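# Notes for the structure review
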Amino acid sequence: MALVPRGMAAWRHRGMTAAWRHDGIYWPMMRGRRGIVLGIVLWAAGATALRAQTWNDSTVTALVARAAARRALQQADSGLRDFQAVAHGFVFFLGQLGEGLAEPPKLIKADQLALEVYWKAPGASKQRIIGWRDRVDLPTDIQYHRDHLGIVQNGFGDRIRLGQGDEVRDVPHPLAPDGPGNYDYALVDSLTIGLPGRAVRVHQVEFRPKDFSRPRVVGSLFLDADDGELVQLRFSFTRAAYLDESLEDITIFLENGLWDGRYWLPRRQEIEIRRRTTWLDVPARGIIRGRWEIDGYQIN
């Protein structure tokens, strides 16, 4: 049985009813046991572009403070005690070889995984691999770190670690309590998310390190305008954050979906890790790409 690109076909039996693309991203509609569960659908008519405001003005600092406080509570007052979910994902290993690395990357190895995902308040979590198949197109002895074979829970916590701490370790999260001491913030956009029976207004906030020579992240996040819940997060790292000298860059995308009309929980995640090295004195690049979809939530 062939591996399925982007996991789209694999989701048909799980109730997918429609999907459309916005800015190169698939936003699926799914029907769950507890009613309609939607990925983010951005209303074009409701997207209002804002001029980039001054970094750290009163509006954005208040929004970020509200988001950090909400995140610190870890939904303690929301009634969410525990959940179980299912994650399906693909991990691809690709390679480039030759002067200038001009040729497109070639697929070397592909893994398809199914996970059971568990979470319990105030922050205990567990993942269990229940299905795994792989295909090798070219010889390789690559061994993945364990966290490359699972999803991110709790939004990384206050300190971001990757590769079990071998690639990135203890980088401050932009919504950690000490975030304002490490990052600048700017409100750059405002969007409306259409959900069944309601519309959710979200603000896009860009963030950057106060000191680019320190291990930090750079990117943007979407926050619920009313309560500061984290809806979406995309970022990469400063050069100083990489502990492995062969690392070129790491980019991460986390998207939450609104479940049961109350809880913003992981919905889709992507990661890309690029390393630069040599093979028989020839320039080479290895690329790891992970893509995950999470659904089937059983809450409380």
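## So, the nonpolar core
- Counting residues in each nonpolar core, the largest one holds 53 residues, and the members touching the most others are Val205, Phe235, Phe237 and Ile250.
- The next biggest cluster of nonpolar side chains, apart from the first, holds nine residues, and it includes Leu191, Leu195, Phe222 and Trp264.

## Observations regarding the pattern of salt bridges
- Summed over the entire model, instances satisfying the criterion amount to 19 salt bridges.
- A salt bridge links Asp158 to Arg71, with the shortest nitrogen-to-oxygen separation between them at 3.3 Å. With Asp158 in the loop between β7 (124-136) and β8 (159-162) and Arg71 in helix α1 (residues 58-73), this pair connects stretches of sequence that are 87 residues apart.
- According to the relative accessible area criterion, Arg71 is buried, its value standing at 18%.

## Quick word on the packing of aromatic side chains
- One pass over the structure, following the stated rule, counts eight aromatic pairs.
- Aromatic side chains Phe83 and Trp119 sit 5.6 Å apart centroid to centroid with 15° between the ring planes, which places their arrangement in the stacked category. Of this pair, Phe83 sits in strand β5 (residues 82-97) while Trp119 sits in strand β6 (residues 106-120), and the two are 36 residues apart along the sequence.
- Assessed through its relative accessible area of 6%, Phe83 is described here as buried.
- Judged by its relative accessible area of 4%, Trp119 is buried.
- Pairing Phe90 with Phe92 gives two aromatic rings, centres 6.0 Å apart and planes at 0°, and the pair type is stacked. Phe92 shares its class with Phe90; the two are buried.

## Some remarks on the pairing of strand β10 (residues 183-195)
- For β10, a buried count of 13 out of 13 residues is recorded, marking the element as mostly surrounded by other parts of the structure.
- Where β10 and strand β11 (residues 198-209) come together, 12 bridges link them in antiparallel fashion. In the strand pairing of β11, Asp184 is matched with Arg208.
- The turn joining β10 and β11, which pair antiparallel and follow one another in sequence, is formed by two residues; a positive phi near 80° is taken by Gly197.

Procedures and definitions
Residues numbered from 1 in each chain as written. Predicted model: local features only at pLDDT ≥ 70, side-chain atom pairs only at ≥ 80, totals over all residues. Heavy atoms only, no water. Core = buried A, V, L, I, M, F, W, Y, C linked by side-chain atoms within 4.5 Å. Buried < 20%, exposed > 50% of the residue type's maximum accessible area, 1.4 Å probe, protein only. Salt bridge = Lys/Arg side-chain N within 4 Å of Asp/Glu carboxyl O. Helix = DSSP H or I, 4+ residues; strand = E, 2+ residues; numbered from the N terminus. Phe/Tyr/Trp six-rings, centres within 6.5 Å; stacked < 30°, edge-to-face > 60°. Pairing = 2+ DSSP bridges.

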